[in-house]
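Tertiary structure, described
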Amino acid sequence: MPAPSKIQLGNLDYESIKSSLLDYLKEQDTLKDYDYSGSAVQVLLDILTYNTLYYGYYSNMVANEMFLDTAQREESLISLVKPLGYVVPGSRGARARVKLRYSGGANSNIPIYTRFSGNNENGTPYNFYTLLADSTNEDGEAILEIIEGKELIKQIPLSIDQTTQKGFISGLDTDISTIIVEVYNPKENDDGDVIGWEIWSRASNIQTGLDNSSTVYWLERSELGFFVVFGGNLFGSQIAMPVSQDTPIRLSYLKSNGDIGNGVGNFKVRSEELSGGATETLRLSSGGSASPDLEAIRFFAPKWFAAQERAVTVEDCRGLLAAEGFVSGSEDPYSKFNVWGGEEMNPPMYGRLFVSLNVDTGDEGGAIAASNAIRILEEKTCVTILPEYINPTEYEFVVRGILYYDPILTSLSPERLLSLANQKLFQLYPNRYNMNIQASDIAREMNKINSAFNVSSSDINFYVSKKVTVTNGKVSNQYFKNPIKPNTLTSSKFTPHPSLNIPEDRLVALRTMDSYDRKGRQFVEVYYDFNGLPGVSGKIGSIDNETGILSLKNNLTTEDFTIYAEPHGNSQSYKFKEEMIPSITLDLSVERILS
């Protein structure tokens with residue numbers, strides 16, 4: 001009997017499997033001269049093919065579900081990240097920010113679980129609650145974060161299985177970030193009073209330093225809800241404090257509507273204690289999600305485990321801030337914050353850690369968020385590392401160019417092609433940190449939009465601008481943080497400082513000179529044009545085109561102005577890093593390819 005043909009293991013579609021089996025049958029001698037295409041053997045072939053395909057698919061799926069990168073089922077991811085100390089959440093309530101003004105004056109109490117109601121754009125009402133007790137300031141005002149909840153579960157008893165030290169919270173619509181566990185302590189304090197209800201803190205699966213006096217609990221997710229797990233004894237080692245059968249335990253938490261609670265505003269306070277209070281919506285609700293985002297789990301779970309609840313590397317810091325709620329759901333982390341080490345800066349600042357949030361710190365809520373981020377990092381970083389906050393700096397990035405197309409290959413109008421191109425670029429380059437914009441990438445994406453496009457990187461060019469803030473006549477160094485093309489630095493027009501000895505009725509601007517200093521920095525001058533007569537006012541600064549650092553003399557002007565420059569290099573690329581955030585402006589046109 002001749003040897004069968006080699007099996008093509010890579011061909012696992014139905015027809016390829018059947019063809020392989022058929023070829024084998026035709027080569028053997030036991031069943032010779034059969035017309036396999038028309039015989040009853042076809043039925044057996046179909047069964048064998050189906051069976052092979054079924055088990056091939058099944059084996060592939062089993063293998064995929066064993067690894068974090070390829071698992072598709074939520075249950076598999078929950079199991080895979082459990083050893084990493086990561087608890088997969090259920091529903092997450094949307095968060096909003098409000099300002100409460102209360103006629104009761106300063107230091108008026110705002111109890112925990114103060115209820116607010118708001119409406120979305122369709123007029124559908126939703127309830128929101130505070131999770132922390134607060135009080136009004138000297139102006140009778142308070143900035144509050146409120147969380148959406150379709151149901152408030154407040155101080156209900158929790159039954160514990162004494163053997164497993166577990167109690168159960170039913171429902172995956174539980175927002176685990178709102179869980180408060182209280183255990184009754186009948187002991188007396190130093191004043192002879194019963195201690196009473198104590199709030200126990202939630203521990204992670206990788207937390208260290210726990211002993212029999214640690215008042216902590218853990219969470220475990222199941223298919224139907226979450227288990228609250230208390231301490232126990234393992235092989236003679238006591239891990240955290242256990243609770244006895246007769247110890248009173250109570251729970252409080254919110255059940256969430258998930259993502260349908262997003263976009264709610266027009267809040268009003270619904271508490272009897274604060275009746276008459278006026279509420280101003282500072283931020284519409286956002287961040288609500290009905291179920292965990294699988295990609296977010298894959299992204300954050302390894303970082304959470306690597307951090308081990310401390311921040312040594314930049315990735316540790318990102319994981320900690322994400323776990324603390326600075327990113328929710330499937331949000332891109334770089335849309336909210338950036339963290340980088342001082343060694344990455346120019347000049348380097350060793351021993352420093354920097355964080356920037358995409359918020360307005362002039363707003364009280366933004367200032368609180370920035371303060372919280374620094375506090376979290378200070379608690380977790382090494383003693384020798386100093387976290388520091390830097391406000392985000394917005395750079396306008398203008399993409400210019402001509403998008404050539406062949407009209408024979410499309411029925412779309414030039415206007416429609418341009419609209420599609422602009423839409424695609426705004427999707428590719430949102431308002432976020434850590435973005436690298438390259439002409440070659442833009443050309444490639446344009447050609448993907450429609451087969452009629454024939455765009456090359458040479459058809460695209462950029463320039464970048466940033467606002468220069470002048471404080472008391474002083475101008476700090478300006479950083480493009482990228483190589484700048486020589487002779488491209490310019491500025492908007494501004495009123496010159498009297499010390500420049502330029503007539504007051506003449507507006508001036510910046511431009512580079514043809515000369516350089518000993519360090520290779522190109523000199524910058526002030527120039528003006530009045531009735532066709534040009535004028536200059538000597539050297540007023542210099543720019544290092546390699547690093548993109550612009551240094552200007554003080555007493556240049558008393559008003560803010562804008563500087564412009566083009567990126568250097570044939571690759572036409574620009575890297576937004578550290579605290580830089582791009583604001584993309586498109587200046588594109590669509591033209592037919594000339595035959």
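The following paragraphs examine the structure supplied in this document. The numbering scheme is per chain: residues are counted from 1 as the chain's sequence reads. Since the coordinates come from a predicted model, pLDDT governs what is reported: local features require at least 70, and pairs of side-chain atoms require 80 or more to be given and counted, while whole-chain, interface and lining totals use all residues. Each side-chain value is worked out from all heavy atoms of the structure, with water and hydrogens disregarded.

Let us look at the overall build of the protein chain. The number of helices and strands found in the protein chain is 8 helices and 32 strands. Considering the protein chain as a whole, with its 595 residues, one finds that 43% of them fall into the buried category. The contact criterion used is simple: two residues touch if any of their non-hydrogen atoms lie within 4.5 Å. Considering only residue pairs separated by 6 or more positions, the protein chain has 67% of its internal contacts joining residues 24 or more positions apart. Only the protein chains shown count as cover for residues, and the accessible areas themselves come from Shrake-Rupley with a 1.4 Å probe. Surface summary for the protein chain: the accessible area is close to 31,600 Å², and the carbon and sulfur share equals 50%. Secondary structure follows DSSP: runs of H or I at least 4 residues long count as helices, runs of E at least 2 residues long count as strands, and numbering of each begins at the N terminus. Three exposure classes are used, based on accessible area relative to the maximum for each residue type with a 1.4 Å probe and protein chains only: buried under 20%, partly exposed in between, and exposed over 50%.

Right, let's talk about the pairing of strand β19 (residues 352-357) for a bit. By the criterion of burial, β19 is predominantly enclosed, with 5 of the 6 residues buried. Where strand β18 (residues 337-341) lies against β19, 5 bridges are found, and the strand directions are antiparallel. Within the sheet, the bridge partner assigned to Val339 lies in β19 and is Val355. Only when DSSP finds a minimum of two bridges between them are two strands counted as paired. Where β19 and strand β20 (residues 386-389) come together, 4 bridges link them in parallel fashion.

With mixed pairing, 3 strands are arranged side by side in an open sheet as β18-β19-β20. Two strands lie at the open edges of the sheet, namely β18 and β20, each paired on one side alone. The sheet shows a mean angle of 20° between the axes of neighbouring strands, taken without regard to direction. Every angle, taken between N-to-C directions, lies between 0 and 180 degrees, and every axis is a line fitted to C-alpha atoms, over only the stretch in contact when it is a helix.

A few words now on the packing of helix α7 (residues 414-428) against helix α8 (residues 439-449). For any two helices packed against each other, the geometry is given by the interaxial angle and the distance between the axes. Where α7 contacts α8, the axes come no closer than 10 Å and their chain directions differ by 130°. When the axes of α7 and α8 are compared, the pair comes out oblique. Relative to α8, the crossing made by α7 is right-handed. Contact with α7, carried on its side by Leu420, Ala421, Lys424, Leu425 and Leu428, involves Ile442, Glu445, Met446 and Ile449 of α8 and no other residues of that element. The classification used treats Ala, Val, Leu, Ile, Met, Phe, Trp, Tyr, Cys and Pro as nonpolar, Asp, Glu, Lys and Arg as charged, and all other residues, Gly among them, as polar. Taken together, the residues of the contact of α7 with α8 sort by class into 7 nonpolar, no polar and 2 charged. Throughout, the term roughly parallel applies to angles under 35 degrees, roughly antiparallel to angles over 145, roughly perpendicular to angles from 65 to 115, and oblique to all others. Crossing chirality is assigned from the near helix's rotation relative to the far helix, an anticlockwise turn below a right angle marking it left-handed and a clockwise turn marking it right-handed.

For Val88, the location among the structural elements is in the loop between α3 (74-81) and β1 (95-101). Of the residues examined, Val88 reaches a relative accessible area of 1% and is grouped as buried. Distance in space between the C-alpha atoms of Val88 and Ser222 is 9.8 Å, their sequence separation being 134 residues.

Moving on to the sheet that holds strand β8 (residues 166-170). The strand order across the open sheet formed by 7 strands is β7-β15-β9-β10-β11-β12-β8, and the pairing between neighbours is mixed. The sheet terminates laterally at β7 (151-157) and β8, the two strands that pair on one side only. When the angles between neighbouring strand axes are averaged without regard to direction, this sheet yields 25°. When strand β9 (residues 180-188) meets strand β10 (residues 194-202), the two strands line up antiparallel, connected through 6 bridges. If you follow Tyr184 over to β10, its bridge partner there is Trp197.

To continue, consider the pairing of strand β30 (residues 561-565). Every second residue of β30 is oriented toward a common face, the buried set being Phe561, Ile563 and Ala565 and the non-buried set Thr562 and Tyr564. Pairing of strand β23 (residues 460-468) with β30 involves 5 bridges; the strand directions are antiparallel. Note on β30: the bridge partner recorded for Val464 is Ala565.

Locating Glu445 in the fold gives a position in helix α8. Judged by relative accessible area, Glu445 falls into the buried class, the value being 14%. The contact partners of Glu445, leaving out residues within four places of it in the chain, are Lys424 and Leu428.

So, on to helix α2 (residues 41-64). The length a helix should cover is 1.5 Å for every residue beyond the first. The terminal C-alpha atoms of α2, which comprises 24 residues, lie 34 Å apart, in line with the 34 Å expected from a rise of 1.5 Å per residue. Within the span of α2, buried status applies to Val41, Gln42, Leu45 and Thr49. Buried residues belonging to α2 abut α1 (14-27).

In summary, the pairing rule links any two rings of Phe, Tyr or Trp, Trp by its six-membered ring, whose centres are within 6.5 Å, and it sorts them by plane angle into stacked for under 30 degrees, edge-to-face for over 60 and tilted for everything else. If you walk through the whole model with that rule in mind, you get 12 aromatic pairs. Both rings, one in Tyr395 and one in Phe576, keep their centres 6.4 Å apart while their planes meet at 75°; by these two values the pair is edge-to-face. Separated by 181 residues along the polypeptide, Tyr395 in strand β21 (residues 393-405) and Phe576 in strand β31 (residues 573-576) bring together distant segments of the chain. Taken as a pair, Tyr395 and Phe576 share a single burial class, namely buried. Through pairs of rings, three or more aromatic residues link up here, namely Tyr395, Phe397, Phe462, Tyr574 and Phe576. Note on geometry: a ring has a charge over it if NZ (lysine) or CZ (arginine) is within 6 Å of the ring centre and within 35 degrees of the ring normal. Above the plane of the ring of Trp197 lies Arg250, whose end atom (NZ or CZ) is 4.1 Å from the centre. Over the ring of Phe523 we find Lys539, and its NZ or CZ is 4.1 Å from the ring centre.

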